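Close look at the chain arrangement
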Amino acid sequence: MKITQTPSPNHDARTLPVSLLVLHYTGMETGQAALERMCAGAAKVSAHYMVAEDGHISQLVDESRRAWHAGLSEWAGESNINSASIGIEIVNGGHDYGLPDFPDVQIEALMSLCRDIQTRHNISLFGLVAHSDIAPERKQDPGEKFPWQKLAAHGIGYWPDLKLSAKTQTLFEKGARDRGVAIVQSGLAYLGYAVEVTGVLDAKTQCILCAFQRRYRPARIDGQIDVHTMEILTDLANAKKTARTA
Ligand SMILES: [Zn+2]
């Protein structure tokens, strides 16, 4: 794995051990533009690594330092995500540029990098998160086209590989107040999402459900609670429990 050093001035002291790996897309017209922005002091943004479309990897910030990629975000009760994570920017225009596919060569390079980081920092299967998971009200990256399932097949993150039931109906819609909503909120919170268990399908819970669906059920991202969303969530929560007690 060849890595080019392209130092950014945008970092400070890390105050927590690394437990998370946060994936982003750059969301800009070119990778070069993203790299220039992250290396400009005025922008006050960075990431530890950037992976170009052709698989070229640039390192901007040393892993021992805190890069500035997560912004206002929260996961598993921790809001200092930059201190607890390694951040990788994947070059991709994202939602503003037609949501292009991620080339295979880029994903191959990203997977090598992720495996290396996971091993060195002993990051768990459930420590891999999307920017949209930790900032669901502000962010959509790396987007619904990102191949999470492929990464999981290579040991990076967990993918709920289960047979979904034939039922697809919506169980709870916007504004619903029900014990079932509380159960879903508890499951999301258990995974790490910053949701309050209120039993009400409010706007914030819908945002978080959209982030969850964007990652695990990208064919339908509507922020409602349907049968498949519940099945996938249950599988994930059980897998996380098993991983913890193993
Ligand atoms: Zn991002």
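First, a word on scope: everything that follows refers to the structure included in this document. (Residues numbered from 1 in each chain as written. Predicted model: local features only at pLDDT ≥ 70, side-chain atom pairs only at ≥ 80, totals over all residues. Heavy atoms only, no water.)

A few points about the pattern of salt bridges
For the structure shown, the criterion picks out 11 salt bridges. Glu-63 serves as the salt-bridge partner of Arg-120, at 2.7 Å between the closest nitrogen and oxygen. Placement of Arg-120 in helix H3 (residues 104-121) and of Glu-63 in the loop between strand E5 (57-59) and strand E6 (65-67) is noted, with a sequence separation of 57 residues between them. Using a relative accessible area of 45% as the deciding quantity, one classes Arg-120 as partly exposed. Measuring nitrogen to oxygen at the nearest pair gives 2.7 Å for the salt bridge that ties Arg-214 to Glu-144. Of this pair, Arg-214 sits in helix H7 (residues 203-216) while Glu-144 sits in the loop between helix H4 (131-134) and helix H5 (148-153), and the two are 70 residues apart along the sequence. For Glu-144, a relative accessible area of 22% translates into the label partly exposed. (Salt bridge = Lys/Arg side-chain N within 4 Å of Asp/Glu carboxyl O. Helix = DSSP H or I, 4+ residues; strand = E, 2+ residues; numbered from the N terminus. Buried < 20%, exposed > 50% of the residue type's maximum accessible area, 1.4 Å probe, protein only.)

Section: the coordination of the zinc ion
Here the zinc ion is held by the protein donor atoms His-24 (ND1), His-131 (ND1) and Asp-141 (OD), which lie 2.0 to 2.1 Å from it. Going along the chain, you hit the donors of the zinc ion in the pattern H-x106-H-x9-D. In this pair, His-24 sits in strand E3 (residues 20-25) while Asp-141 sits in the loop between H4 and H5, placing the two residues 117 residues apart along the sequence. Across this residue pair, the class does not change: His-24 and Asp-141 are buried. (Donors = N, O, S within 2.8 Å, 3.2 Å for Na, K, Ca; no water.)

Some remarks on the packing of aromatic side chains
In this structure the tally under the stated criterion is 7 aromatic pairs. Taking the centre distance of 5.3 Å and the plane angle of 90° together, the rings of Phe-102 and Phe-146 count as edge-to-face. In this pair, Phe-102 is assigned in the loop between strand E7 (85-90) and H3 and Phe-146 in the loop between H4 and H5, connecting sequence segments 44 residues apart. Exposure class is identical for Phe-102 and Phe-146. Each is buried. Look at Phe-146 and Trp-148: their rings are 4.7 Å apart centre to centre, the planes differ by 70°, and that puts the pair in the edge-to-face class. (Phe/Tyr/Trp six-rings, centres within 6.5 Å; stacked < 30°, edge-to-face > 60°.)

As for the sheet that holds strand E8 (residues 128-130)
Ordered by their spatial adjacency, 6 strands build an open sheet running E1-E5-E4-E7-E3-E8, and the pairing between neighbours is mixed. Two strands in the sheet have a free side with no partner beyond their single neighbour: strand E1 (3-5) and E8. Direction aside, neighbouring strands of the sheet carry axes that sit 25° apart on average. The strands that H3 touches are E1, E3, strand E4 (49-51), E5 and E7; relative to E7, the one it contacts most, it runs at about 175°. (Pairing = 2+ DSSP bridges. Axes fitted to C-alpha atoms, helices over the stretch in contact; angles between N-to-C directions. Contact = heavy atoms within 4.5 Å.)

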